[in-house]
Amino acid sequence: MIVRQRANWLRMLFIWRGSVLKKIMAQLFVILLFSLFIYFFKGRIFDYKVHLNPTIFTLIGLALAIFMGFCNSASYDRFWEGRKLWGLLVIETRSLTRQILSYIPNVSKEEKQKIIKLISAFCWALNYQLRDKSGTGNLPQLLSPEQLEQINGKKFIPSIILGFIADWLHEQHQKGNIDTIILTQIDDQLNQFSNISGGCERIYNTPLPFAYSVLLHRTVYLYCFWLPFGLVDTLGWMMPLIVLLISYTFIALDAIIQEIGEPFGEEENDLALNSICRTIEFSIFEQAEITQGELKKPDSYFVD
C-alpha cells in the first residue's frame with residue numbers, strides 16, 4: 001500500500017508510484033492511435049461515414065458513470081471492511097497480551113513470552129493465508145520446532161495457532177494458574193480472533209460478482225473506442241486528446257475498482273498487511289519485554 005504525504009498540486013500531476021497509470025498505459029496508447037486514425041480519415045471506414053451524435057455519448061456516459069459509482073462503492077466497502085478487521089486485530093492482540101501478562105501471575109515470564117509470540121504468529125499466518133503464500137515466512141522465529149511440524153502442509157494455519165494458545169490456556173487452567181472466570185474472559189478474546197479471521201476469509205472467498213466486472217469492463221472499452229466517431233466532427237484536431245482524457249478517467253477507475261476490490265493483495269493500493277503485522281509484533285513484544293529490533297517508519301512512501 002502506498003502511504004505518503006500529499007504533494008502540492010503540480011507534483012500530484014506527475015506522481016507515478018501509487019497511480020494506476022502504468023497499468024493502463026498500453027490501453028491508452030492503443031486508444032490514442034485509434035483516435036488519430038479516425039481523425040485522419042474523418043470518421044470514415046472505407047467509403048462509409050460513421051455518423052454518431054455526441055448526445056448519445058452524453059446519455060451513455062451518464063449511465064456508465066452511475067454504474068461505475070455503484071461498483072466503486074461495492075469495491076471500497078470490501079476494502080473498508082478489511083481495514084476495519086485488521087484494525088480490530090491490532091486492538092485485540094494488545095488486549096489479549098495484557099490479559100496474559102496481568103491475569104496469570106503464577107506462570108514464568110519466559111513461558112508467557114512464548115504465548116505472546118504465538119499471537120504474533122497468528123497475525124503473520126493470517127497475512128500469508130490471505131495472500132496465498134505457501135511459505136511460513138516469519139513463523140520459524142515465533143513457533144517451536146514441534147509447532148512448525150504440526151502446521152507443515154496445513155492450509156488454515158491461523159486456526160491451528162489459535163488451537164496452540166487454547167491448549168496452553170487449558171493446561172494452565174488444569175494446573176490452577178487460571179480460574180474459570182479469567183479463562184472464560186480470555187476465551188472470548190480468542191473467539192474474537194476467530195471472528196476476524198472468518199471475516200477476512202469471507203472477503204477473500206467472495207469477490208465481486210464476475211458479471212459486474214465483465215459488464216463494466218466491456219462497456220468502458222466499447223464507449224472509449226466509439227467515442228472518436230462522435231467527437232471527430234465537432235472537436236477536430238483536439239478530438240484525440242479529449243478522447244484520451246475521457247478514456248483515462250474511465251479506464252483508470254475501472255482498474256482501481258478491480259484493485260481495491262481485492263484488499264489483501266500486494267498491489268500498491270491494497271492493505272499494508274506486512275506493516276500491520278510488524279506493528280502488532282512490535283507492540284505486543286514491547287508489552288512482554290521481548291528483545292526486538294527497531295520499528296522503522298517510512299520516509300515518504302512504501303509498498304507493503
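In case you missed it, the structure is sitting above this.
Everything numeric here is computed off the predicted structure, so don't read it as measured data.

Student: I keep staring at unusual backbone geometry and nothing clicks. Help me out?
Tutor: Peptide bonds are trans in most cases, and residues, glycine excluded, mostly fall at negative phi. Unlike most non-glycine residues, Asp 132 shows phi in positive territory, near 55°. Its place among the elements puts Asp 132 in the loop between helix 4 (109-130) and helix 5 (145-151). According to the relative accessible area criterion, Asp 132 is exposed, its value standing at 58%. One non-glycine residue, Glu 289, adopts positive backbone phi at about 60°. Residue position: Glu 289 is located in the segment after helix 10 (273-288). With a relative accessible area of 55%, Glu 289 lands in the exposed category.

Student: Is there a simple way to think about the packing of helix 3 (residues 54-103) against helix 4 in this case?
Tutor: Two numbers describe how helix 3 lies on helix 4: the axes approach to 9 Å, and their chain directions differ by 165°. The orientation of helix 3 with respect to helix 4, classified from their angle, is roughly antiparallel. Note that helix 3 runs across helix 4; the crossing there is right-handed. Contact with helix 3, carried on its side by Trp 86, Leu 89, Thr 93, Leu 96, Thr 97, Ile 100 and Leu 101, involves Lys 112, Ile 115, Ile 116, Ile 119, Phe 122, Cys 123, Leu 126, Asn 127 and Leu 130 of helix 4 and no other residues of that element. In terms of residue class, the contact of helix 3 with helix 4 is built from 12 nonpolar, three polar and one charged.

Student: What exactly am I supposed to notice about the pattern of salt bridges here?
Tutor: A side chain of one charge can pair with a side chain of the opposite charge when the charged atoms of the two come close. As enumerated under the stated definition, the model contains eight salt bridges in all. In this structure, the salt-bridge partner of Arg 202 is Glu 81, at a minimum N-O distance of 2.0 Å. Remark: Glu 81 occurs in helix 3 and Arg 202 occurs in helix 7 (residues 180-205); sequence separation between them is 121 residues. A relative accessible area of 42% places Arg 202 in the partly exposed class. The class for Glu 81 is partly exposed, based on a relative accessible area of 27%. The salt bridge involving Lys 175 is made with Glu 171; its shortest N-O contact spans 3.1 Å. Salt bridges sharing partners connect three or more residues here, namely Lys 23, Glu 259 and Glu 267.

Student: Can you walk me through the side chain of Arg 131 in this structure?
Tutor: Positionally, Arg 131 belongs in the loop between helix 4 and helix 5. Among buried Asp, Glu, Lys and Arg side chains, Arg 131 stands out as unpaired, with Glu 266 the closest opposite charge at 4.1 Å. Side-chain polar atoms of Arg 131 contact the side chain of Asn 274, separated by 3.5 Å.

Student: What is the right way to read the environment of Arg 83 from this model?
Tutor: Turning to its location among the elements, Arg 83 is positioned in helix 3. Residue classification places Arg 83 among the partly exposed positions, given a relative accessible area of 44%. Considered as a pair, Arg 83 and Ile 203 are 120 residues apart in the sequence and their alpha carbons are 11 Å apart. With residues near it in sequence (within four places) discarded, Arg 83 still touches Tyr 76 and Leu 271.

Student: Explanation requested: the packing of aromatic side chains in the structure shown.
Tutor: In this description, an aromatic ring pair is defined by two values, namely the gap between the centres and the angle between the planes. This structure, assessed with the given rule, holds 14 aromatic pairs. With a centroid separation of 6.0 Å and 70° between ring planes, the pair formed by Phe 34 and Phe 229 is classed as edge-to-face. One end of the pair, Phe 34, is in helix 2 (residues 21-40); the other, Phe 229, is in helix 8 (residues 210-235), and 195 residues separate them in sequence. The class of Phe 34 is partly exposed, set by a relative accessible area of 26%. Phe 229 gets classed as buried once you look at its relative accessible area, which sits at 4%. An angle of 85° between the planes, with centres 5.0 Å apart, marks the rings of Phe 40 and Phe 41 as edge-to-face. A connected cluster of aromatic rings, assembled from ring pairs, spans Phe 34, Phe 225, Trp 226 and Phe 229.

Thresholds, definitions, all that
- Residues numbered from 1 in each chain as written.
- Predicted model: local features only at pLDDT ≥ 70, side-chain atom pairs only at ≥ 80, totals over all residues.
- Heavy atoms only, no water.
- Helix = DSSP H or I, 4+ residues; strand = E, 2+ residues; numbered from the N terminus.
- Buried < 20%, exposed > 50% of the residue type's maximum accessible area, 1.4 Å probe, protein only.
- Axes fitted to C-alpha atoms, helices over the stretch in contact; angles between N-to-C directions.
- Parallel < 35°, antiparallel > 145°, perpendicular 65-115°, else oblique.
- Left-handed = near helix turned anticlockwise from the far one by under 90°.
- Contact = heavy atoms within 4.5 Å.
- Nonpolar A, V, L, I, M, F, W, Y, C, P; charged D, E, K, R; others polar.
- Salt bridge = Lys/Arg side-chain N within 4 Å of Asp/Glu carboxyl O.
- Lys, Arg positive; Asp, Glu negative; His and termini not counted.
- Polar contact = N/O pair within 3.5 Å; in protein donor to acceptor, adjacent residues only side chain to side chain.
- Phe/Tyr/Trp six-rings, centres within 6.5 Å; stacked < 30°, edge-to-face > 60°.

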